[in-house]
Amino acid sequence: MINKCFLSLNLRMVILLLFVSSGTLSVVTCSSSDIPTESSAVPSIVSGTVFESVVEYDAGENPLGITLGDLNGDNKNDILVTSPRKQDGISTTADGSMTLFLNNSSSTSSFPFSSSTISPVTADWRQDVISADFTGDNKTDLVVTQTDQDKIKLLRNDGNANFTDNGSLTLGDVPIKLISGDWNSDNQIDLIVVNRDNSSISILQNSNGVFSVSQTLSVSEHPIQVASADWDGDNDTDLAVLSKESTMVQIWLNSGSGIFSAQSNTYTVGSLPIDMISGDWNCDSNQDLAVSNFGDSTLSLIYGNGTGNFDSPLTISTRSGPRTMVAADFDNDSKMDFVVGHKFLVSTSGSALITGDFSLTLSDNGSSTGYVTPVSFAASLDKGGAAPADLAISYVDNDSKLDLLITLPFSKKIALLSGKQYYGNLSCP
Ligand SMILES: [Ca+2]
Ligand SMILES: [Ca+2]
Ligand SMILES: [Ca+2]
Ligand SMILES: [Ca+2]
């Protein structure tokens, strides 16, 4: 049904839906030439020898974000899928539900989770959510962005995955991304928030679940993602900011007390960068960065040298329209591999289908870039609903092989692709 819907829309409408679904609100600035195209909606591999066939589960009206964490205190990793807001033409019911999948690993099911819906306190546009113990009671809380109100909100967990409103804090213009970490090393989990529309980053410090802004960073136009790690090896957590308009990553080093200073070196990435992740891609103990560039269908790999400086970005090709990305060492060669979600148009005789897939790019010591050509996989069996919004790698079905979770907003599903082949490591050994 969704497939037919998209086929009947004209190209302009499809493009509008693409950007509304991503939550990036880039409708007015994007032309059709911005959208990568593919000649076929069929990925090179549907499931094959790497993953079991796709299995899909209902996940709210507009599933976008996946957050993993132990939400009911049984030491098992649960899944929270956020459905941030109503979208014209896609979702017609109230905004902002979250679907909770509680882990029941004693089940022999291939997806040992039971689902329930968490209704929002208010129908905010929640663009991002993260989980951590923010109140220091060993229970995993949530912080969500109330993006249309320029606020963030703490949802406090009672220990049984019941969440209560613990108050909001007003930040900059259009807060769209959140990360957590302990910026001042006092063992309380702090926050960093990306305020897209006034080109600022809010640094927040936590005192027993009460957040206050300790610093506001002025950054290059249209910040869209942040990543944190210790870039200079002095045991405090530093920051990288990805700015979409200037296609640039800027590094900010931490003083140790949670005050960040901009480094003069910046790093140019590809066109229309969307996502950025940090990790040690080559397992040399220096933290690195990777950026997905939607506009030119590349990934920028930015290797750190451990001093707070990075090498010039290395560009590798990927499938059309890379957006969200995650990393793990699937093939156990002590080099991290990338899984990327893609969204693209397939045009045939005047109509266009928005679709997508995901790709696996494995490390290869014999290649000049260190990586092989990506292999694409179907994220869904529904070609009209196959564009991933978010990805997560975890050991979902308890067979010690890495699995993949994918949100599919057009299908209103979360998809599980159970790994068959790779035992894998989520970080360097
Ligand atoms: Ca702290
Ligand atoms: Ca540092
Ligand atoms: Ca490295
Ligand atoms: Ca590898």
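Cut-offs used in this document
Numbering of residues starts from 1 in every chain and runs along the sequence as written. Chains carry letters from A onward and ligands carry numbers from 1 onward, assigned in written order. Given that the model is predicted, a residue must reach a pLDDT of at least 70 before its local features are reported, and side-chain atom pairs must reach 80 or more before they are shown or counted; all residues, however, enter totals for whole chains, interfaces and linings. Numbering of helices and strands starts at the N terminus; helices are DSSP runs of H or I of at least 4 residues and strands are runs of E of at least 2. Burial is judged by counting the other C-beta atoms within 10 Å of a residue's own C-beta: 20 or more makes it buried, 12 or fewer makes it exposed, and any count in between marks it as partly exposed, with every C-beta position built from the backbone. For this analysis, nonpolar core means a set of buried Ala, Val, Leu, Ile, Met, Phe, Trp, Tyr and Cys residues linked through C-beta atoms within 7 Å. We call two residues in contact whenever the C-beta atoms placed from their backbones are within 7 Å. Note on pairing: two strands pair once DSSP finds at least 2 bridges between them. Axes, fitted as lines to C-alpha atoms, cover a helix only where it is in contact. Angles between the N-to-C directions of the axes lie from 0 to 180 degrees. The quantity known as pLDDT measures the predictor's confidence residue by residue, on a range of 0 to 100.

A. Structural detail: the overall build of the protein. The secondary structure content of the protein amounts to 2 helices and 28 strands. Across the 429 residues of the protein, 48% fall into the buried class.

B. Representation of the nonpolar core within the structure. Ranked by internal contacts, the top residues of the largest apolar core, which has 100 residues, are Val143, Val249, Ala290, Leu405 and Ile406. Those residues in contact with valine 143 that lie beyond four places of it in its chain are Val129, Ile130, Phe134, Ile152, Leu154, Leu178 and Leu191.

C. Examining the sheet that holds strand β16 (residues 248-254) more closely. Across the sheet, which stays open at both edges, the 4 strands sit in the order β14-β15-β16-β17 with antiparallel pairing between neighbours. Strands with a single pairing partner mark the edges of an open sheet, and in this sheet they are β14 (223-229) and β17 (260-268). Along the sheet, successive strands turn relative to each other by an average axial angle of 25 degrees, direction set aside. Examined bridge by bridge, β14 and strand β15 (residues 238-243) share 6 bridges and lie antiparallel to one another. By the bridge assignment, proline 223 is partnered in β15 with serine 243.

D. Structural view of the sheet that holds strand β7 (residues 141-146). Read from one edge of the open sheet, 4 strands run β6-β7-β8-β9, paired in antiparallel fashion. Single-partner strands in this sheet number two, and they are β6 (129-132) and β9 (163-170). The sheet shows a mean angle of 20 degrees between the axes of neighbouring strands, direction not considered. Inspection of the sheet shows β7 paired to strand β8 (residues 151-157) by 5 bridges, in the antiparallel sense. Its bridge partner being in β8, valine 143 is matched across the sheet by leucine 154.

E. The pairing of strand β23 (residues 337-348), seen in detail. Most of β23 sits out of view: 9 of its 12 residues are buried. Summarising the sheet, strand β22 (residues 322-328) and β23 pair through 5 bridges and their orientation is antiparallel. Residue alanine 327 lies in a different strand from β23, and its bridge partner there is phenylalanine 338. Two elements, β23 and strand β24 (residues 351-361), share 11 bridges in a ladder whose sense is antiparallel. Note on β24: the bridge partner recorded for phenylalanine 344 is threonine 355.

F. Structural view of unusual backbone geometry. Non-glycine residue serine 185 carries a positive phi angle of around 55 degrees. The residue serine 185 is located in the loop between β10 (175-181) and β11 (190-195) in this model. Unusually for a residue other than glycine, threonine 247 sits at a positive phi of about 45 degrees. As for its position among the elements, threonine 247 is in the loop between β15 and β16.

G. Structural context of the pairing of β9. Where β8 and β9 come together, 6 bridges link them in antiparallel fashion. Residue pairing across strands places leucine 155 opposite aspartate 165, the latter belonging to β9. Count of turn residues in the β8/β9 antiparallel hairpin: 5 residues, of which glycine 159 carries a positive phi of about 105 degrees.

H. Just the environment of serine 168, in detail. Structurally, serine 168 is set in strand β9. Residues serine 168 and valine 144 lie 24 residues apart in sequence; the distance between their C-alpha atoms is 9.4 Å. Apart from residues no more than four positions distant in its own chain, serine 168 is found in contact with Gln146, Lys151, Ile152 and Lys153.

I. Spatial organisation of the environment of leucine 239. Note that leucine 239 resides in strand β15. On the basis of neighbour count, leucine 239 is assigned to the buried category, with 25 C-beta atoms found within 10 Å. On a C-alpha basis, the gap between leucine 239 and alanine 262 in space is 9.3 Å, while along the polypeptide they are 23 residues apart. Each residue touching leucine 239, except ones within four places of it in the same chain, is listed here: Ile192, Val226, Ser228, Trp252 and Phe260.

J. Representation of the confidence of the model for the protein. When pLDDT is averaged across the protein, the result is 87; 87% of the residues are at 70 or more. Contacts of residues 1-32 to residues separated by more than four positions or lying in other chains number 45 contacts, the stretch itself having pLDDT below 50.

K. Inspection of the environment of glutamate 221 at higher detail. With respect to the secondary-structure elements, glutamate 221 resides in the loop between β13 (210-218) and β14. Note on glutamate 221: 12 C-beta atoms within 10 Å, which makes it exposed. Sequence spacing of glutamate 221 and serine 200 is 21 residues, and the spatial spacing of their C-alpha atoms is 8.6 Å. The residues touching glutamate 221, leaving out its near neighbours within four places in the chain, are Ser199, Ser243, Glu245 and Ser246.

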